[in-house]
Amino acid sequence: MRELVLVGIGTGNPDHLTRAGEAAIRAAEVILVPRKEGKGDLADLRLAICRDLGVEAKVRLFDLPVRDASGDYRAGVDAWHDAIAAAWVAALPPEAGTVALLVWGDPSLYDSTLRIADRLSPAPRIRVIPGITALQALTAAHAIPLNRINATVLITTGRQVRDHGWPEGADRVAVLLDGETSFLSLDPDGLTIWWGAFLGMENEILVHGPLSQVAETIVRVRAEARAAHGWIMDTYLLERG
Ligand SMILES: C[S@@+](CC[C@H](N)C(=O)[O-])C[C@H]1O[C@@H](n2cnc3c(N)ncnc32)[C@H](O)[C@@H]1O
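Residues numbered from 1 in each chain as written. Predicted model: local features only at pLDDT ≥ 70, side-chain atom pairs only at ≥ 80, totals over all residues. Heavy atoms only, no water.

The protein chain carries the name Precorrin-6A synthase [deacetylating] in an unreviewed UniProt entry, which gives Silicimonas algicola as its organism. The annotation that UniProt attaches to the protein chain under Pathway (unreviewed entry) is "Cofactor biosynthesis; adenosylcobalamin biosynthesis." Quoted verbatim from the Catalytic activity (unreviewed entry) heading of the UniProt record, the comment on the protein chain is "precorrin-5 + S-adenosyl-L-methionine + H2O = precorrin-6A + acetate + S-adenosyl-L-homocysteine + 2 H(+)". (UniProt positions renumbered as here; feature names shortened; annotations may be inferred.)

Quick look at the structure:
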């Protein structure tokens, strides 16, 4: 492999794909797509994009290895990333020069594709085509700026909020990867939330307001949507003061 192009495809809306992304997918000799992501509607999006662009014939499917969660977390993730890099290589035809990988949102945000790509040997040239992140989809959906004037935004995960509370020095906190409505672990007094699920998708859901008033609504709406779809992805921004 001479070049690996990571194409950010946005958060589930086929229209999030940029012209640069489209051009990179068309130009690639091979497009690597995981056979199954285990999340119903999500699994087919990459293939649908390739079909729409008429490049289905260049797709090579690979089986996404399963992470061993039994031992040490870091060691498990390292071994898993090794296995994914090996699965990419195994799925490639020997003559593959330029390979494209379609990455959810953007490769810079809570995504390990760049770390996995670092394991390839010999190392190909890595190129990134940026995509719309869940955070951008959230602020766009609510029509708000990410930051207040001259203020600090901190991006974190649900687990960090649960384990460590409100981060020191932040006026706003953006939370991804939260399967457990971790905002419930914070004192809601003086906090405002902008919450969104299925951002950019047909079934997008938005809730905004003082946390003390809307927390219960979010918990209920989230549970209902999760039951209806079998999965959910949500992202939110909290503001203090
Ligand atoms: C592994 S991270 C990937 C983030 C992605 N690279 C990005 O740029 O947005 C997955 C998390 O992104 C957020 N996310 C991704 N797509 C989303 C969507 N359509 N609606 C709401 N949140 C989304 C959720 O917080 C989810 O737990």
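Caption draft 1: Summary view of the site of the ligand. The environment of the ligand is formed by 17 residues, the closest being Asp 106, Leu 109, Ala 134, Leu 199 and Asp 234. Between the ligand and Phe 198, the relevant distance is 3.4 Å, taken from a nitrogen atom to a main-chain nitrogen or oxygen of the residue. Asp 234 places a polar main-chain atom, nitrogen or oxygen, 2.7 Å from an oxygen atom of the ligand. A total of 570 Å² of accessible area belongs to the ligand in isolation, and the protein chains cover 90% of it. Considering only residue class, the shell around the ligand consists of 10 nonpolar, five polar and two charged. Both domain 1 (3-132) and domain 2 (135-240) contribute no fewer than three residues apiece to the shell around the ligand. (Near = heavy atom within 4 Å. Polar contact = N/O pair within 3.5 Å; in protein donor to acceptor, adjacent residues only side chain to side chain. Areas by Shrake-Rupley, 256 points an atom, 1.4 Å probe, with all protein chains shown as cover. Nonpolar A, V, L, I, M, F, W, Y, C, P; charged D, E, K, R; others polar. Domains from an automatic or database assignment.)

Caption draft 2: Here's a closer look at unusual backbone geometry. A cis amide bond, omega 0°, links Ser 121 with the succeeding residue Pro 122. A positive phi angle is found at Tyr 110, which is not glycine, with a value near 40°. Within the element layout of this structure, Tyr 110 appears in the loop between β4 (98-103) and α4 (113-117). The exposure class of Tyr 110 is partly exposed, given its relative accessible area of 40%. (Helix = DSSP H or I, 4+ residues; strand = E, 2+ residues; numbered from the N terminus. Buried < 20%, exposed > 50% of the residue type's maximum accessible area, 1.4 Å probe, protein only.)

Caption draft 3: How the structure looks around the side chain of Asp 234. Among the secondary structure elements, Asp 234 is positioned in strand β10 (residues 234-240). A distance of 2.9 Å separates a polar atom in the side chain of Asp 234 from a polar atom in the side chain of Trp 195. A polar side-chain atom of Asp 234 sits 2.8 Å from a polar atom in the side chain of Arg 222. Asp 234 has contacts with Val 175, Asp 178, Trp 195, Gly 196, Ala 197 and Arg 222, leaving out every residue within four places of it along the chain. (Contact = heavy atoms within 4.5 Å.)

Caption draft 4: Representation of the domain arrangement of the protein chain in the model. Along its sequence, the protein chain is carved into domain 1 (3-132) and domain 2 (135-240). Just the C-alpha atoms count here: the centres of domain 1 and domain 2 sit 27 Å apart. With 12 residues of domain 1 in contact, the opposing surface of domain 2 contributes 12 residues. Interface area, domain 1 with domain 2, both sides summed: about 1,100 Å², of which 68% is carbon and sulfur. Here domain 1 and domain 2 share zero salt bridges between them. Taken together, domain 1 and domain 2 are joined by two residue pairs in polar contact (both at pLDDT 80 or more). For the side of domain 1 that touches domain 2, a count of residues per class yields five nonpolar, five polar and two charged. (Buried area = accessible area lost by both parts, 1.4 Å probe. Salt bridge = Lys/Arg side-chain N within 4 Å of Asp/Glu carboxyl O.)

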